[in-house]
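# Structure assessment
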Amino acid sequence: MNNINNIRNVTFILGAADPEMNRIERVLTDLGLAFEYAMVNGVRCHPGNVYKADPVTAPLLVLVECQTGDAVPVVRIDHHREGDYGFDKPASLYWDASSIGQLWNLLSEYFGMEELESSFGEDSLLVAASDHCPVHASLGMCPRVSPAALFNFRMANKAKFLNKELSEVYEEINQSLNMVNELHVKTFVNGDVIDATAVNIPHLPDVITHPTIALPAQYSMVDRDGRTKVGLIGTINPKLVEEWMEANKDVLVDIYGSLARGYAGGYLP
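Structural notes, computed from the coordinates. (Residues numbered from 1 in each chain as written. Predicted model: local features only at pLDDT ≥ 70, side-chain atom pairs only at ≥ 80, totals over all residues. Heavy atoms only, no water.)

### Examining a negative patch on the surface
Where like charges cluster on the molecular surface, the negative patch consists of Asp30, Glu114, Glu115 and Glu117. A per-element tally of the negative patch places helix α4 (residues 113–120) first, with 3 residues. Within the secondary structure layout, Glu114 lies in helix α4. (Patch = residues over 30% accessible without salt bridge, like charges linked within 9 Å, V, L, I, M, F, W, Y side chains within 5 Å. Areas by Shrake-Rupley, 256 points an atom, 1.4 Å probe, with all protein chains shown as cover. Salt bridge = Lys/Arg side-chain N within 4 Å of Asp/Glu carboxyl O. Lys, Arg positive; Asp, Glu negative; His and termini not counted. Charge placed at Lys NZ, Arg CZ, Asp CG, Glu CD. Helix = DSSP H or I, 4+ residues; strand = E, 2+ residues; numbered from the N terminus.)

Structure representation (structure tokens):
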């Protein structure tokens, strides 16, 4: 139980937009619950500044994957940072770990099952697995989520987000597969890693889960704040994540990672 007497007195503050957050917004809208976006200087936050959002005035807050000023929420829904409820939850607990699953658990104290199922949608498990641990889910490690359904779900969302035909997205995936096959593979004690730091591979998170690849990848990108991020994605081996972080401790700053979810990253100084 939580200490919210009336869920309609609460304001949900939503972090950066992505398929899971968009679904959360749809749920709150459908149920008539109040929400706002986390903002910085009048603009909705992106992943690079979502934990540095401007303060808000609402007295009772549920913060969803964000931080507004020094606000102390009545409930925090998140799985991105150490200490978050869902941070170190394994793939087998993807629903409880995901933000949409945490929202379900919160709202189940105030709404009936039928109303929640209607608002969350039949594909809510795919939403959760795709966001929390897509690589694990693509290998069949998430209960009640089939790899084929997950792939089709991700491709459909990608086509919608990019305003492209689904066939065009599939063609881009095939082109990226060819690109990845030409890349150098770095060998670590705990596994091999595709080195994609020197080239932009479209849809890399989806490509590395393809059965013909099935290897994690190291990538590089420039964040919206101008910092160069180097990251590791796509492994289910916690020892490899740990080894990668150790290998980069003198190269990168602000290193982060999740052994359970199979990713890590940091920034060039």
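### Focus on the packing of aromatic side chains
The geometry of an aromatic ring pair is captured by the separation of the ring centres together with the interplanar angle, meaning the angle of the planes. As enumerated under the stated definition, the model contains 5 aromatic pairs in all. Between the aromatic rings of Trp95 and Trp104, the centroid separation amounts to 6.1 Å while the plane-to-plane angle is 70°, which identifies the pairing as edge-to-face. Overall, the relative accessible area of 15% leaves Trp95 in the buried class. In this structure Trp104 comes out as buried when scored by relative accessible area, which is 15%. With a centroid separation of 6.3 Å and an interplanar angle of 55°, the aromatic rings of Tyr256 and Tyr263 are classed as tilted. Judged by relative accessible area, which is 17%, Tyr263 ranks as buried. Through pairs of rings, three or more aromatic residues link up here, namely Trp95, Trp104 and Phe120. Between Arg44 and the ring centre of Tyr37, over which it is positioned, the NZ or CZ distance is 3.9 Å. (Phe/Tyr/Trp six-rings, centres within 6.5 Å; stacked < 30°, edge-to-face > 60°. Buried < 20%, exposed > 50% of the residue type's maximum accessible area, 1.4 Å probe, protein only. Lys NZ or Arg CZ within 6 Å of the ring centre and 35° of its normal.)

### Concerning the sheet that holds strand β9 (residues 217–222)
Read across the sheet, 6 strands follow the order β7-β8-β9-β10-β12-β11 without closing on themselves; strand pairing throughout is mixed. Among the strands making up the open sheet, the edge pair consists of β7 (185–188) and β11 (253–258). Here the strands of the sheet are splayed against their neighbours by 20° on average, with no regard to which way each runs. Pairing between β9 and strand β10 (residues 228–233): 6 bridges, direction antiparallel. Residue pairing for β10: Val222 is matched across the bridge by Thr228. (Pairing = 2+ DSSP bridges. Axes fitted to C-alpha atoms, helices over the stretch in contact; angles between N-to-C directions.)

### Topic: the packing of helix α3 (residues 99–107) against α4
Look at α3 against α4: their axes get within 11 Å of each other, and the N-to-C directions meet at 155°. Of the possible angle classes, the one that applies to α3 and α4 is roughly antiparallel. Crossing handedness for the pair α3 and α4: right-handed. Across the interface between the two elements, Ile100, Leu103, Trp104 and Leu107 from α3 touch Met113, Leu116, Glu117 and Phe120 from α4. Looking at the contact of α3 with α4 residue by residue, the classes come out as 7 nonpolar, no polar and 1 charged. (Parallel < 35°, antiparallel > 145°, perpendicular 65-115°, else oblique. Left-handed = near helix turned anticlockwise from the far one by under 90°. Contact = heavy atoms within 4.5 Å. Nonpolar A, V, L, I, M, F, W, Y, C, P; charged D, E, K, R; others polar.)

These figures capture arrangement, not role.
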